[in-house]
Every structure is written in C-alpha cells, then in structure tokens.
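An overview of the molecular structure
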Amino acid sequence: MSLVQGLHHITVCASGAQEDVDFLTQVFGQRLIKQTILFDGRYAHYHLYYANADCQPGSVYTTFPYKRVPGRVGSGQISSTAYSVPKGSVKFWKEHLDRHKVPHSGAQERFGQSFLRLSHPSGLQLEVIEDSDDQRNGWTTDQISKDVTTRGFHGPVLSVREVAETERFFVDALGFKKTGTDGAYHRFEVGSGGAAKTVTLVHEPDRAAGSWTFGAGTAHHVAMDLESDEKLAEQKGIYDELGYTACSEIKDRNYFHSIYCRCPGGILVECAATAPGAFARDEAPSELGTHLLLPPWFEEKRAEIIAMLEPIQVPENNRLAGSPEVIAAPVPGMTESSDGPSRRKALFVSGEGSKN
Ligand SMILES: [Fe+2]
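Residues numbered from 1 in each chain as written. Predicted model: local features only at pLDDT ≥ 70, side-chain atom pairs only at ≥ 80, totals over all residues.

**A look at the overall build of the chain**
Put simply, the rule reads: Strands here mean DSSP runs of E at least two residues long; helices mean DSSP runs of H or I at least four residues long; both are numbered from the N terminus. Two things to know: the radius of gyration comes from C-alpha atoms, and the globule rule equals 2.2 Å times the number of residues to the power 0.38. The burial label depends on the number of other C-beta atoms within 10 Å of a residue's C-beta. Counts of 20 or more mean buried, 12 or fewer mean exposed, and intermediate counts mean partly exposed, with C-beta atoms placed from the backbone. This entry defines residue contacts through backbone-placed C-beta atoms, with two residues in contact when those atoms are within 7 Å.
When helices and strands are tallied, the chain shows 5 helices and 16 strands. Taking 2.2 N^0.38 as the reference for a compact globule, 356 residues should give roughly 21 Å; the C-alpha atoms of the chain span a radius of gyration of 19 Å, in line with that estimate. Dimensions of the chain, computed from C-alpha atoms along their principal axes, come out at roughly 55 × 50 × 40 Å. The buried share of the chain, taken over its 356 residues, is 44%. Considering only contacts within the chain whose residues lie at least 6 apart along the sequence, 70% involve residues at least 24 apart.

**Some words on the environment of threonine 81**
Locating threonine 81 in the fold gives a position in strand E5 (residues 77-85). Residue classification places threonine 81 among the buried positions, given that 21 C-beta atoms sit within 10 Å. For the pair threonine 81 and histidine 154, spaced 73 residues apart in the sequence, the C-alpha separation amounts to 8.0 Å. When neighbours within four sequence positions are excluded, threonine 81 is seen to be in contact with Ile10, Tyr61, Leu126, Glu127, Phe153 and Pro156.

**A word on the nonpolar core**
Put simply, the rule is: We define a nonpolar core as a collection of buried residues of the types Ala, Val, Leu, Ile, Met, Phe, Trp, Tyr and Cys that are connected via C-beta atoms lying within 7 Å of each other.
By size, the foremost hydrophobic cluster in this structure holds 86 residues, and its most contacted members are Ile33, Tyr50, Val128, Leu174, Met224 and Leu226. Excluding residues that lie within four positions of it along the chain, leucine 174 makes contacts with Ser2, Val4, Phe169, Val190 and Met224.

**Here's the deal with the sheet that holds strand E8 (residues 125-130)**
Applicable threshold: One bridge is not enough; two strands pair if DSSP finds at least two bridges between them. Inter-axis angles, ranging from 0 to 180 degrees, are taken between N-to-C directions of lines fitted to C-alpha atoms, where helices are fitted over the stretch in contact.
Pairing is mixed in the open sheet, where 8 strands are placed in the order E6-E7-E8-E5-E9-E12-E11-E10. Here the strands that pair on one side only, and so sit at the sheet edges, are strand E6 (108-110) and strand E10 (177-182). Between one strand axis and the next, the sheet turns by 30° as a mean value, whatever way the strands run. Where E10 meets strand E11 (residues 185-189), 5 bridges bridge the pair, whose relative direction is antiparallel. Across the sheet, the residue bridging to lysine 178 is phenylalanine 188, located in E11. Contacts between helix H2 (residues 90-99) and the sheet are confined to E5, strand E7 (113-119) and E8, with E7 contributing the most and set at about 20° to the helix.

**Side note on the pairing of strand E4 (residues 60-65)**
Buried residues dominate E4, accounting for 6 of its 6 residues. Every second residue of E4 is oriented toward a common face, with Val60, Thr62 and Phe64 on one face and Tyr61, Thr63 and Pro65 on the other, all of them buried. Strand direction decides the pairing type here: strand E3 (residues 46-51) and E4, joined by 3 bridges, are antiparallel. Of the residues in E4, the one forming a bridge with tyrosine 50 is tyrosine 61.

**Quick look at helix H4 (residues 229-242)**
Filter applied, for reference: Expected span of a helix: the number of residues minus one, times 1.5 Å. As used here, the arc is the angular range of directions from the helix axis to the C-beta atoms.
End to end, H4 covers 20 Å across 14 residues, agreeing with the expected 20 Å (1.5 Å per residue, within 8%). Looking at H4, one finds that the buried residues are Leu232, Gln235 and Tyr239. The arc enclosing the buried residues of H4, seen along the axis, measures out at 60°, which places them on a common side. Relative to its buried face, H4 has exposed residues pointing more than 90 degrees away, namely Glu230, Gly237, Asp240 and Glu241. Taken together, the buried residues of H4 touch helix H3 (164-173), strand E13 (218-226), strand E15 (256-262) and strand E16 (268-274). Trailing H4 by a residue or two, glycine 243 shows a phi angle of about 100°, which is positive.

**Digging into the sheet that holds strand E1 (residues 6-14)**
Taken in spatial order, the 8 strands make up an open sheet running E2-E3-E4-E1-E13-E16-E15-E14, and their pairing is mixed. Each end of this open sheet is capped by a strand with a single partner; those strands are strand E2 (31-37) and strand E14 (251-252). As defined by bridge partners, E14 adjoins E15 across 2 bridges and the pair is classed as antiparallel. Among the inter-strand pairings, aspartate 252 is bridged to a residue of E15, identified as histidine 257. Lying on the sheet, helix H1 (residues 17-27) is in contact with E1, E2, E3 and E4; it crosses E3 at an angle near 0°.

**Considerations on H3**
Those residues of H3 lying buried are Thr166, Phe169, Phe170 and Ala173. Buried positions in H3, seen along its axis, are confined to an arc of 110° and lie on one side of it. At its buried positions, H3 is contacted by strand E9 (152-160), E11, strand E12 (198-203) and H4.

**Some remarks on the environment of leucine 309**
Looking at the element boundaries, leucine 309 is found in the segment after helix H5 (302-308). On the basis of neighbour counts, which here come to 17 C-beta atoms within 10 Å, the residue leucine 309 falls in the partly exposed class. Sequence separation between leucine 309 and glutamate 127 is 182 residues, and the spatial gap between their C-alpha atoms is 29 Å. When sequence neighbours within four positions are dropped, the list of residues in contact with leucine 309 reads Ala44 and Tyr46.

**Topic: unusual backbone geometry**
The backbone of asparagine 254 sits at a positive phi, close to 70°, despite the residue not being glycine. Mapping asparagine 254 onto the fold places it in the loop between E14 and E15. Residue class for asparagine 254 comes out buried when judged on the 22 C-beta atoms lying within 10 Å of it. Non-glycine residue alanine 278 carries a positive phi angle of around 45°. Within the secondary structure, alanine 278 is located in the loop between E16 and H5. By C-beta crowding, alanine 278 is classed as partly exposed, having 16 other C-beta atoms within 10 Å.

Pasting the structure below:
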C-alpha cells in the first residue's frame, strides 16, 4: 500500500504580492489561510497559503511572490494546477473570468471532463475541471457561490519531455497507478483516486526545459500528503532503495515536515506530514491568514524581514464569519530549538540591500 494519501500542497512563484492576494481571493475564490515567509535564503519573501473552507491538505496552494527574479516556463515543470468544480460550472467560470478580463482557454475536455485553463496575473496557469464526485467544502465569495466554487485540487499537470521514467517514479516510488491516456495526457491516481489523488503528465517532447529556481510565473513543486514523520522516513528509504538518492533530509516547515526529491522528468516532488495543530497552531481559525506569522526562530528578525516585504492588505471578506474567537494553544515543542539539520537560524541580507 502506498504511503502517499493524496496531494498535500502545490507551491508556485507569483510576482507581486498584492496582485496575488487580490487575484486568488477575489477572482479565483480561495481563502488566504496563512501569511508567513519563505524559510530558505537570505532575502525575505512572503509565503502565502490559500485553501478551501476547511483548510484541507489537497487544497493548499502556496505562493512565493517573487517579483525580483523572473522564471522561465517550460518542460520539467508543473504546467498548470487543476481545481475540481461542480459539474456544469465551467460555463460560470468562463463568464466570471470574462467579466474580470482574465485570459482563459475556453471550455475544453480531458478524460471526458470539461475544463478551462486560466492565467494568474504572473502568468501561472490554473484550471477548473468538472468533477461531480468531489464533495469537499469550497470557500465562497459574493461572486462565487457554493454551487460553482472550487473544492480543492483535482491535481497538477506536469510537463515532461519523456513519460516513461517519470511514470516509473510515480508508480514505483510513490504508489500511483496509471489509469488512462488521452492524447498527450497520462493520468495517474493513488489510493481511491479522483480529486486530490490525481497527477497528470502532459507529454511535450519538443518543449524546452523551464527553470528550476524560484522565479516569478513558474511553479516550484508539488507535495504529497503522508501521515507522519515516520512515514516520511519510510518514504526516504524507498527512494534510497530505488536509487533516487537525491532525497533531502526531513525539513521543518513549521506547519508540516517535508522531504524533497526531484523526479526524472525534472519536477520537484515533496512529501509532507502535517504537524500537530496544522495551520491553527499559531493563530485562531477565525484569524487565519490575517497576520504575518513567523516561526519562532525568525521572530528576532521581524522588523528586518518586514522591511523587505511589499505591504499587503487582506480583503475583509477573507475572514471566517461567525467563527468562535479561539486562541490556539502553544504547541508543545514549538519554541524548542533543534539540533537537526533543518534551518533554524535567521540570516538575512539587510533590508536596504534587498530592494531590487
Ligand atoms: Fe512545499
């Protein structure tokens, strides 16, 4: 049986921070659930998390607004992120996107499902794909009602120049099954399959490789959902056994713990185990996404970090109406330092030096 339970999150590099917040919350109808920063590197960048109404793994889209460095799109990357929407709602999405002057593909079909691809302001590609089996609780806005809203991920579409080796990676190392081919698209599902348990490869043999760095307008990685740190260690063992020896050590991402391994097609694949308390470990459920939160090991540099970031305003309607004012209890061990290999020190270039 696969250690992978489904998708956990998908992480991309947007461009401007405010345009990312405005587009994803107001036009695409996501709930901003966390404002924090990228935990790696000497420059402070936001790390913004968006999700469905229940903040579930499998709906969490995270962005690094990375205006200072452009990315290059191409193969070996996540080419788009598909969200499932109720049957019949692609028509709504087409009209909604037209109203907001968002470029889109119009209705298309893949594996018998109607879908539409649209552009985020940074150039990132998103999709809505109809799936009547997905009953998750989507976030709603005054323009996007429950009967048309996104439920969470259907799955990422990964551009590869060759299918075979990436197929072996998803099947042998991660426990997916190949469930279909439709033209250039190859579909893989894990567990019971369907939404949030699907990965699609698109075979693009002549497409030049895209960049692997953080860079505006490109996706960075897809994360699989594993049950625990023990399962992450087990997964690392599977990678080693099969010869995928480039797997990282376990990293502490505060809200989850992660290992990373680049698949043969070039796409970075993370395995993540949600930490105790998940996204409510450092702010009340009703306040999720409304404050800039830093892990304990970055707090001493808060002023320096803020000086490097674009100020953002979170739309009022992003807050959870009627939610009880619960202050999350500190999670045991959260303020303890670690002797592990994961980054636990705040080392940033000065705010002045970062304004480029
Ligand atoms: Fe990640």
